[in-house]
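Given next are the chains, with one letter for each unit.
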Amino acid sequence: MSPYHALMPLPKAELHLHIEGTLEPELAFELAARNGVALRYPDTEALRQAYRFADLQSFLNLYYELMAVLRTERDFEDLANAYLARAAAQGVRHAEIFFDPQAHIARGVSMGTVVEGLWRALEKSRQNHGVSTRLILCFLRDESADSALTTLEAARPHLDRITGIGLDSAEAGHPPAKFREVYRAAADLGLHRVAHAGEEGPPAYITEALDVLGVERIDHGLRCAEDPALVERLVRDRVPLTLCPLSNVRLRAVDSLADHPLPALLDAGLMCTVNSDDPAYFGGYAGDNFDAVRDTLGLGEDRLRELARNSFLASFLEDDEELRAAYLAEVEAYVFP
Ligand code: ADE
Ligand code: ZN
């Protein structure tokens, strides 16, 4: 990690952030005590020691296990407030936040508890943290298409809180096309659509997410670098990628940060953004990710400003273009230290 935090104040939007992935060990233990939930780790240090992942699945196993501590509206509110405070301290001005309702419903926690709990923090976020927010409901791609449809149905009473849908969890062997119907239904409801693709899965999943699901952004997408024709298409159509460099290192999608394709993708003309994914698990929030790519990949001020600009351009702020313009003006006015 960077010894000093040069890029914390650079105004940025975070477009790829799983709220369950912001559960820090301290809060996990606090919520476990509050809810009488037993964790199989004696303390926060022992839990942190478990944050060594071989791949996406080994991370997901722990990520789903720790969700057991989240039970009430207040828990989800506290989780979101903790994230928003940390994000604000790292220059995040706007956050589009993923949540995984199926993982909670399977544990007996209702859609209403999750959404309304998160909303209690989100509705006061501009006031309390200076961060505007949107909420994106993700379907688990290792669950069935029917389960996704049932989940969308369960979200109907809460759609005034929800801006879009996404697709996450174990990617390999779970191609996007399985979710054609639920993405069609979400489009008919006027929801934005994104999907994880090309994190561990092949470049063909990116193409499929665009062609079959009609997604407007690709979450991760780093494996597009393996397919020059796909890169050309993404550049031509200005499809944003929500890249997560520290996540890619921790989940071994790249051998090291120095090997990350971000500079090559920027040079190719792609609309890249930099995000934190699951910051409690991967060693850094949004500003930490910006610092890391500056320090390790040698990105200069023009590139860093471009990443910040892209984050607002790629955000779902079309219902508040005035706010987007204000954020973009903040980016242009930013003076690097
Ligand atoms: N759920 C939380 N983080 C994820 C990631 N990086 N990829 C897929 N699913 C996720
Ligand atoms: Zn993710």
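Just so it is clear, the model here is predicted, and its values are computed rather than measured.

Some points on the overall build of the chain
Okay, step 1: Across its full length, the chain carries 17 helices and eight strands.
Okay, step 2: Along the longest, intermediate and shortest principal axes, the C-alpha atoms of the chain span 50 × 45 × 40 Å.
Okay, step 3: Every one of the 337 residues in the chain was classed for burial, and the buried ones make up 51%.
Okay, step 4: Taking the intrachain contacts of the chain between residues at least 6 apart in sequence as the baseline, contacts between residues at least 24 apart amount to 76%.

Section: the nonpolar core
Across soluble globular proteins, you tend to see nonpolar side chains buried next to one another.
Okay, step 1: Ile19, Ala80, Phe99, Leu118, Ala209 and Cys272 are the most contacted members of the largest nonpolar core, which totals 99 residues.
Okay, step 2: In terms of residue count, the dominant contributor to this core is helix α6 (residues 111–122) (seven residues).
Okay, step 3: The contact partners of Ile19, leaving out residues within four places of it in the chain, are Leu79, Ala80, Tyr83, Ile97, Phe98, Phe99 and Leu118.

Observations regarding the UniProt feature "domain: Adenosine deaminase" (unreviewed entry) in the chain
Okay, step 1: In the numbering used here, UniProt assigns the feature "domain: Adenosine deaminase" (unreviewed entry) to residues 11–323.
Okay, step 2: A helix fraction of 48% and a strand fraction of 14% characterise residues 11–323, whose end C-alpha atoms lie 13 Å from each other.

A few points about the pairing of strand β1 (residues 12–18)
Okay, step 1: With seven of its seven residues buried, β1 lies for the most part within the structure.
Okay, step 2: Note: β1 against strand β2 (residues 92–99), five bridges, orientation parallel. Its bridge partner lying in β2, His18 is registered against Phe98.

Looking at the site of ligand 1
Okay, step 1: Taken together, the residues surrounding ligand 1 are His18, Gly21, Leu56, Tyr63, Asp168, Ser169, His196, Glu199, Ser247, Asp277 and Asp278.
Okay, step 2: Counted by class, the shell around ligand 1 contains two nonpolar, five polar and four charged residues.

Quick look at the environment of Leu149
Okay, step 1: One can find Leu149 in helix α8 (residues 145–155).
Okay, step 2: Classification of Leu149 as partly exposed rests on a count of 15 C-beta atoms within 10 Å.
Okay, step 3: It is 17 Å that separates the C-alpha atoms of Leu149 and Gly214, two residues lying 65 residues apart in sequence.
Okay, step 4: Those residues in contact with Leu149 that lie beyond four places of it in its chain are Glu181, Val182 and Ala185.

Quick notes on the rules
- Residues numbered from 1 in each chain as written.
- Chains lettered and ligands numbered in written order.
- Predicted model: local features only at pLDDT ≥ 70, side-chain atom pairs only at ≥ 80, totals over all residues.
- Helix = DSSP H or I, 4+ residues; strand = E, 2+ residues; numbered from the N terminus.
- Buried ≥ 20, exposed ≤ 12 C-beta atoms within 10 Å, placed from the backbone.
- Contact = placed C-beta atoms within 7 Å.
- Core = buried A, V, L, I, M, F, W, Y, C linked by C-beta atoms within 7 Å.
- UniProt positions renumbered as here; feature names shortened; annotations may be inferred.
- Pairing = 2+ DSSP bridges.
- Near = placed C-beta within 6 Å.
- Nonpolar A, V, L, I, M, F, W, Y, C, P; charged D, E, K, R; others polar.

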